[in-house]
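Here are the chains, one letter per residue:
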Amino acid sequence: MKRIFARIKKKSLSTQLLFVVLTFVALSLSGCSRLNAPQGWAGFVQHGDFIITASMDGQIISLNKDTGRHKWEPILIRVGDKKENKRAVYGTPALDDEVIFVGSYDGKLHAISIDEGKLLETEPVTEEFVAGPLYHKGIIYIGGSDGSMYAYKVQRESENFIGFELKWKRDLGSKIWSTAVIYQDTLIFGSLDHHLYGLDTRDGKTIWAYETGGAIASSPLLKGDTVYVGSFDSTFYAINAESGREKWTFTEASNWYWAAPIFFEGFVYAASLDGKLYSLDGSTGNKKWESVSEGSIVGSPTVVSDMIIFGSTSGKIYVADLYSGNVLNTCDIDERIETPLLSIGEVVYFGARDYSSRSLNIKSNGNPDENWEAPYFSDKAKEGENPQPADWTPDC
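Residues numbered from 1 in each chain as written. Predicted model: local features only at pLDDT ≥ 70, side-chain atom pairs only at ≥ 80, totals over all residues. Heavy atoms only, no water.

**A word on the overall build of the chain**
- Counting its regular elements, the chain contains two helices and 34 strands.
- Each principal axis of the C-alpha distribution contributes one length, and for the chain these read about 60 × 50 × 40 Å.
- Expressed as a percentage of the 396 residues in the chain, the buried residues total 61%.
- Counting only contacts in the chain whose residues sit at least 6 apart along the sequence, the fraction spanning at least 24 positions is 45%.
- Within the structure as shown, the chain displays about 16,000 Å² of accessible surface, and the carbon and sulfur contribution to it stands at 44%.
- Here the chain carries 39 positive and 52 negative side-chain charges, and the mean point of each set is 8 Å from the other. (Helix = DSSP H or I, 4+ residues; strand = E, 2+ residues; numbered from the N terminus. Buried < 20%, exposed > 50% of the residue type's maximum accessible area, 1.4 Å probe, protein only. Contact = heavy atoms within 4.5 Å. Areas by Shrake-Rupley, 256 points an atom, 1.4 Å probe, with all protein chains shown as cover. Lys, Arg positive; Asp, Glu negative; His and termini not counted. Charge placed at Lys NZ, Arg CZ, Asp CG, Glu CD.)

**A look at the packing of aromatic side chains**
- As enumerated under the stated definition, the model contains 23 aromatic pairs in all.
- Aromatic pair F236 and W248: ring centres 6.2 Å apart, planes at 35°, arrangement tilted. Highlighted residues: F236 in strand β20 (residues 236-240) and W248 in strand β21 (residues 246-250), separated in sequence by 12 residues. Each member of the pair, F236 as well as W248, is classed as buried. (Phe/Tyr/Trp six-rings, centres within 6.5 Å; stacked < 30°, edge-to-face > 60°.)

**A closer look at the state of the cysteines**
- What the rule picks out here adds up to one disulfide.
- Sulfur-sulfur distance for the disulfide between C331 and C396 comes to 2.2 Å. Residues C331 and C396 share a disulfide whose torsion about the S-S bond is about -85°; that sign makes it left-handed. Highlighted residues: C331 in strand β29 (residues 327-332) and C396 in the segment after α2 (378-382), separated in sequence by 65 residues.
- For C396, a relative accessible area of 25% corresponds to the partly exposed category. (Disulfide = S-S within 2.5 Å.)

**Describing the pattern of salt bridges**
- A full pass over the atoms with the stated rule returns 19 salt bridges.
- Between D369 and K363 there is a salt bridge, and its shortest N-O distance comes to 2.8 Å.
- Classification of D369 by relative accessible area gives partly exposed; the value is 26%.
- For K363, a relative accessible area of 38% gives the class partly exposed. (Salt bridge = Lys/Arg side-chain N within 4 Å of Asp/Glu carboxyl O.)

**Points about the side chain of S148**
- With respect to the helices and strands, the residue S148 is situated in strand β12 (residues 148-158).
- According to the relative accessible area criterion, S148 is buried, its value standing at 2%.

Take a look at the structure:
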């Protein structure tokens, strides 16, 4: 049985362990051979007829969900002269009705207007953000690689200006790459110090902390009073969100969990870097099935009708039967897929390592067809070229 702590002393991972973690992520996930050349894999969020994301090369983009055309010219994240290698976004943006909130890898918090794409404010906070922001009741919660969780009150000073006022900061001593969720007044997130934390949203004080056997980079999923999360100890956990007590664990994976899980009709779907997607009973943790890909699964899956869709570093999108895990079809784009997947109706959205944002229509028989005339390439937009090539040949 794992230990539950009411009070936790500050502690940090050793330099050696951090190097191992960062090297594994850099080499195994991004395919990059240097730690100083990050490339983000933010997910998509919907706002009306548009989907919003941060591209692999650090641009904020808003695309028409039906055509892939941008609503406004992409916003290139500003970095200092000596921080060009930190122009990246890993966490999915957060929205309110009028503003996009983004935490960038160079440790800044940004506010961008949804309708016009104007940069409203940039707040330097820390050295690095890997976690995404959570926006809740006028407060932004975001964890930093300095080991601190931050709570910023969003101040609307005018139509064209947003201010950030620090409400509280809690130093936990080790990097936070996990995007938080909220249960009642408890802010829940993972840390590389092996703990899943529950902090008071009002002042950042510890309500509970649960220790796993490895670092937690995955973002937790909240369903009812249960929080689900995977760890670098290759174990998947179900924790009571109110007390921090363990409900059950699943230990069959052979590699780390990076992707946030999803929940559908009583089952939680957990993707591992071992290349398997696990369907687990949400109440007991009993495995219903596992579906196997050719590469690692870095991003969260999504559900379309009676099918579950997931991407892989092999460059394939997999369409599997939701109730058996049997693969019905695939689409091979020949580019690493590491972003979370978003579904709107029968259409799935994701990003790939060739700087593209893509859209697939999933037919009732499981066949995936490209939904746009061409993917949207942010690197082409950055260079002033047509981001959707007219001579595009569909991959599926």
